[in-house]
Amino acid sequence: MTLRGLQRVPTMASTSAKATPGSRARLGPLSIRTRRKGLWFRLRKILLCILGLYVAIPFLIKLCPGIQAKLIFLNFVRVPYFIDLKKPQDQGLNHTCNYYLQPEEDVTIGVWHTVPAVWWKTAQGKDQMWYEDALASSHPVILYLHGNAGTRGGDHRVELYKVLSSLGYHVVTFDYRGWGDSVGTPSERGMTYDALHVFDWIKARSGDNPVYIWGHSLGTGVATNLVRRLCERETPPDALILESPFTNIREEAKSHPFSVIYRYFPGFDWFFLDPITSNGIKFANDENVKHISCSLLILHAEDDPVVPFQLGRKLYNIAAPSRSFRDFKVQFIPFHSDLGYRHKYIYKSPELPRILREFLGKSELERQH
């Protein structure tokens, strides 16, 4: 047989390897169906896992109420990261001193004291004793109580300190036990006691200077707890300022954006809200304001996504007719949603200096009379 003949004769292997169009047509749909079936199986598995997790979380929180407490405080979220709280000057606060106070045994809290901006140059290189003595000057003092998460060095908090300092106020702020570099275990009682300790520390050094209390977000709960206690012992502050306040922690938790996916879950209150109460966490602003006798200013942005605007308005409607405020001014200042101040940027308002000047000026007149 010639070479040409050999080339013409197809082998069995080559014949069987060739696939006709018909065979490809028969194999194609089967392969596609198999792939689709596998994809659907995997997708169904993922959906079942998500559903199982969704159902398991409420039971986990109910069985371990400490989880809910951590979600309320968020003290483990330390932002901004990698800052040295012993050096407030690193955050642009060159007229600020860092202290450490001890409200109770085994509890230490970190404190920042920012003097009025007019003393910026004088304050350079001064020690803690100089800052403490400065509280006795003729400038009023604001004790600032921050909200959950972060530290006293949070960006929006630092910007507010700068604004208040530029307006001539001393600003004293601190991290509650368990926050930042403060030592201790967080609790509503402990946070309130820390605030009381710092307030008394200020009053022991500030003479007759006005002392105002400013609470933001969760800090409004600490602020009303503190002021109610101060009023009950007949040593009220000169005014109370609540920024982005809620009525009580149950209503706030129910309104918080994190609760949206569970808001209509059967037994929502039992699963999510009752564990908060069982941890001794109430932050009952709506009850506290009925026992407060000092001027009250409420600031709230209409576009607040964390604490709904209507909770701040509701708190005002509870406080305004209260007999405890009969001789004091109660004012509610809304900030339009177009301004974009949301939950923590009211400090950006160019109207804030005027608002504080007018309100605190009237509060000072009420104090004198």
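All figures in this text were calculated on a predicted structure; none of them were measured in a lab.

Trainee: A description of the side chain of H95 should follow, citing residues and the corresponding values.
Mentor: Checked against the element boundaries, H95 lands in the loop between α4 (65-73) and β1 (96-104). For H95, the residues in contact, after removing those within four places along its chain, are H113, T114, V115, P116, A117, W120, A123, Y131 and S165.

Trainee: I'd like a description of the UniProt feature "transmembrane region" (unreviewed entry) in the chain, backed by residues and values.
Mentor: According to UniProt, the "transmembrane region" (unreviewed entry) feature falls on residues 43-61. Structurally, residues 43-61 comprises 100% helix and 0% strand, and the distance from its first C-alpha atom to its last is 27 Å.

Trainee: Requested: an account of the environment of L218, with residues and values cited.
Mentor: By the element assignment, L218 lies in helix α8 (residues 218-232). Through-space distance from the C-alpha of L218 to that of E252 is 9.6 Å; in sequence the pair is 34 residues apart. Once residues within four sequence positions are removed from consideration, L218 is found in contact with I72, F73, G147, N148, M191, F246, I249 and F283.

Trainee: Which residues make up the pairing of strand β2 (residues 107-114), and what values go with them?
Mentor: When you tally the buried positions in β2, you get seven out of eight residues, the bulk of the element. Summarising the sheet, β1 and β2 pair through seven bridges and their orientation is antiparallel. Bridge pairing in β2 links C97 to H113. Hairpin geometry of β1 and β2 is characterised by an intervening segment of two residues between the two adjacent antiparallel strands and by a positive phi of about 70° at D106. As paired strands, β2 and strand β4 (residues 170-174) are joined by four bridges and run antiparallel to one another. When the bridges of β4 are listed, H113 appears paired with V172.

Trainee: Outline empty space enclosed by the protein, listing residues and values.
Mentor: Taken as a whole and assessed by the stated rule, the structure comprises one cavity of 30 Å³ or more. Quantified by volume, the largest cavity comes out at close to 50 Å³. If you go around the largest cavity, the residues you meet are Y144, H156, L160, W214, H216, E243, K344, I346, Y347 and L352. Mapped onto the lining of the largest cavity, the elements with two or more residues apiece are α6 (155-166) and β5 (211-216). A per-class count over the lining of the largest cavity returns six nonpolar, two polar and two charged.

Trainee: I'd like a rundown of the sheet that holds strand β7 (residues 295-301), residues and numbers included.
Mentor: Strand order in the open sheet made by the eight strands is β1-β2-β4-β3-β5-β6-β7-β8, with mixed pairing throughout. Two strands close off the open sheet at either side, each with one partner strand: β1 and β8 (330-335). Direction aside, neighbouring strands of the sheet carry axes that sit 20° apart on average. Sheet topology places strand β3 (residues 141-145) next to β5; five bridges connect them, and they run parallel. Note that in β5 the partner of V141 across the bridge is V211. Packed onto the sheet, helix α7 (residues 188-206) meets β1, β2, β3, β4 and β5 and runs at close to 120° relative to β1.

Calculation rules
Residues numbered from 1 in each chain as written. Predicted model: local features only at pLDDT ≥ 70, side-chain atom pairs only at ≥ 80, totals over all residues. Heavy atoms only, no water. Helix = DSSP H or I, 4+ residues; strand = E, 2+ residues; numbered from the N terminus. Contact = heavy atoms within 4.5 Å. UniProt positions renumbered as here; feature names shortened; annotations may be inferred. Buried < 20%, exposed > 50% of the residue type's maximum accessible area, 1.4 Å probe, protein only. Pairing = 2+ DSSP bridges. 1 Å grid on protein atoms, 1.4 Å probe; cavity = no way out; pocket = protein on both sides within 12 Å on 5 of 7 lines; lining within 4 Å. Points joined across faces, edges and corners; volume = space filled by probe spheres on them. Nonpolar A, V, L, I, M, F, W, Y, C, P; charged D, E, K, R; others polar. Axes fitted to C-alpha atoms, helices over the stretch in contact; angles between N-to-C directions.

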